[in-house]
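Topology and contacts: notes
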Amino acid sequence: AAGAAYAIPSKTVTLITGDISFLYDSNALWNKQLPNNLRIIVINNSGGGIFRFLKGSSEIAEMEEFFETGHNINLGKLAESYGISYEFCSELNSLKSCLAKLFKNKSVSILEIKTPSVYSAESLKKYFNFIR
């Protein structure tokens, strides 16, 4: 996403990613060439919610213990450590205003959307059905 934003400076490039993927690749934020047209939306369901979506792993009683990657990482502090603008949203009724702030910002920005892990998989299934 950073490379795409760098290559297309006239467009806003938005990365939508999960918390574990974001944390795994967060060292990319070290890049001193991060373009100001990059926006990052992190869906934080507290780790590995995709395994609730996948048939097989979602049916195992020990799924949370062995498949999910729970964490207590403060994404706001992580963003601050890189000098990146950050917003947090955990309520559906404030999502529009959080998104508006994200896209009005004139520099690289991160929006963390906190979601309950038990509902994330169901929401993703509904979204995929909707876009079909």
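Residues numbered from 1 in each chain as written. Predicted model: local features only at pLDDT ≥ 70, side-chain atom pairs only at ≥ 80, totals over all residues. Heavy atoms only, no water.

A closer look at the environment of Arg-39
Secondary-structure assignment places Arg-39 in strand β2 (residues 38-44). For Arg-39, a relative accessible area of 3% corresponds to the buried category. Taking the C-alpha atoms as reference, Arg-39 lies 5.0 Å from Ser-109; in sequence the two are 70 residues apart. Ignoring anything within four residues of it in the chain, the contact list for Arg-39 reads Thr-12, Val-13, Thr-14, Leu-15, Leu-102, Phe-103, Asn-105, Lys-106, Ser-107, Val-108 and Ser-109. (Helix = DSSP H or I, 4+ residues; strand = E, 2+ residues; numbered from the N terminus. Buried < 20%, exposed > 50% of the residue type's maximum accessible area, 1.4 Å probe, protein only. Contact = heavy atoms within 4.5 Å.)

Notes on the nonpolar core
Judged by nonpolar contacts, the single largest core of 14 residues is most densely connected at Phe-22, Leu-29, Leu-38, Ile-40, Ile-84 and Ile-110. Secondary structure elements with two or more residues in this core: β2 and α5 (75-81). Those residues in contact with Phe-22 that sit more than four places away from it in its chain are Thr-17, Leu-29, Ile-40, Val-42, Leu-75, Leu-78 and Ile-110. If you look at the next biggest cluster of nonpolar residues, it comprises 6 residues, including Ile-41, Cys-89, Leu-102 and Ile-113. (Core = buried A, V, L, I, M, F, W, Y, C linked by side-chain atoms within 4.5 Å.)

Looking at a nonpolar patch on the surface
On the surface, a nonpolar cluster with roughly 530 Å² of combined accessible area is contributed by Leu-124, Tyr-127, Phe-128, Phe-130 and Ile-131. Relative to the helices and strands, Tyr-127 resides in helix α7 (residues 117-131). (Patch = residues over 30% accessible without salt bridge, like charges linked within 9 Å, V, L, I, M, F, W, Y side chains within 5 Å. Areas by Shrake-Rupley, 256 points an atom, 1.4 Å probe, with all protein chains shown as cover. Salt bridge = Lys/Arg side-chain N within 4 Å of Asp/Glu carboxyl O.)

Quick word on the pairing of β2
Burial analysis of β2 places 6 of its 7 residues in the buried class, which makes it a mostly covered element. Relative to β2, strand β1 (residues 13-18) runs parallel, the two being bridged by 6 bridges. Across the sheet, residue Thr-14 finds its bridge partner in β2, namely Arg-39. For the crossover that starts at β1, traverses helix α2 (residues 19-24) and ends in the parallel β2, the hand is right-handed. As paired strands, β2 and strand β4 (residues 109-114) are joined by 6 bridges and run parallel to one another. Its bridge partner being in β4, Asn-44 is matched across the sheet by Lys-114. (Pairing = 2+ DSSP bridges. Right-handed = clockwise from strand over helix to strand, strands pointing away.)

Brief notes about the side chain of Thr-17
Of note, Thr-17 is situated in strand β1. Excluding residues within four positions of it along the chain, Thr-17 makes contact with Phe-22, Ile-40, Ile-41, Val-42 and Ile-43.

Things to note about the pattern of salt bridges
On inspection of all chains with the given rule, the structure shows 1 salt bridge. Where Glu-87 meets Lys-101, a salt bridge forms, and the shortest distance between an N and an O atom there is 3.9 Å. In this pair, Glu-87 sits in strand β3 (residues 85-89) while Lys-101 sits in helix α6 (residues 95-104), placing the two residues 14 residues apart along the sequence. Its relative accessible area of 24% is what places Glu-87 among the partly exposed residues.

As for the state of the cysteines
The full count for this structure, using the stated rule, is 0 disulfides. Not part of a disulfide, Cys-89 finds its nearest cysteine sulfur in Cys-98, a span of 3.4 Å. For Cys-89, a relative accessible area of 2% gives the class buried. Judged by its relative accessible area of 6%, Cys-98 is buried. (Disulfide = S-S within 2.5 Å.)

Considerations on the sheet that holds β4
Here we have 4 strands laid out as an open sheet, ordered β1-β2-β4-β3, and parallel in their pairing. In this open sheet, the two edge strands, each paired with only one partner strand, are β1 and β3. This sheet shows a mean twist of 15° between the axes of neighbouring strands, independent of strand direction. (Axes fitted to C-alpha atoms, helices over the stretch in contact; angles between N-to-C directions.)

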